[in-house]
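Summary of the model geometry
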Amino acid sequence: MGNWFENMEPMDIQEERAKTKVAEEKLGEAEKKLQETQIESMKSVVQLVKELAGDKTLAAQKLMDNCHMTKEEAEAFVERNW
């Protein structure tokens, strides 16, 4: 058991923590951009259905099908963005 760490390279814990913090910040920014893009996509779906069919029920159905929303979530989103 004495030689488990024999070939292990030294590690700077503070540097690793700093790298982890930067990576977490980048991840948070990417998640925020993804969420914004998804919301814009859902708004586009609502606007297209509004222009082409003029049917709120169809818009809600498309959101449920394509965006994995519940009926209540989809209907509320359509109301806010109609």
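We now turn to the structure provided with this report. (Residues numbered from 1 in each chain as written. Predicted model: local features only at pLDDT ≥ 70, side-chain atom pairs only at ≥ 80, totals over all residues. Heavy atoms only, no water.)

For histidine 68, which is not glycine, the phi torsion reads 55 degrees and is therefore positive. In this fold, histidine 68 is placed in the loop between helix 2 (56–67) and helix 3 (71–81). Assessed through its relative accessible area of 72%, histidine 68 is described here as exposed. (Helix = DSSP H or I, 4+ residues; strand = E, 2+ residues; numbered from the N terminus. Buried < 20%, exposed > 50% of the residue type's maximum accessible area, 1.4 Å probe, protein only.)

On to the pattern of salt bridges. Scanning the entire structure with this criterion turns up four salt bridges. One salt bridge connects lysine 43 with glutamate 40, and the closest N-O pair in it is separated by 3.8 Å. Of this pair, lysine 43 and glutamate 40 both sit in helix 1 (residues 13–52), three residues apart, which is roughly one turn of that helix. Overall, glutamate 40 belongs to the partly exposed group, its relative accessible area being 45%. Note that glutamate 79 is salt-bridged to lysine 56, the shortest N-O span being 3.3 Å. Here the residue glutamate 79 occupies a position in helix 3, and lysine 56 occupies one in helix 2, the gap between them amounting to 23 residues. The exposure class assigned to glutamate 79 is exposed, which follows from its relative accessible area of 52%. The network of salt bridges with common partners includes Glu15, Glu16 and Lys19. (Salt bridge = Lys/Arg side-chain N within 4 Å of Asp/Glu carboxyl O.)

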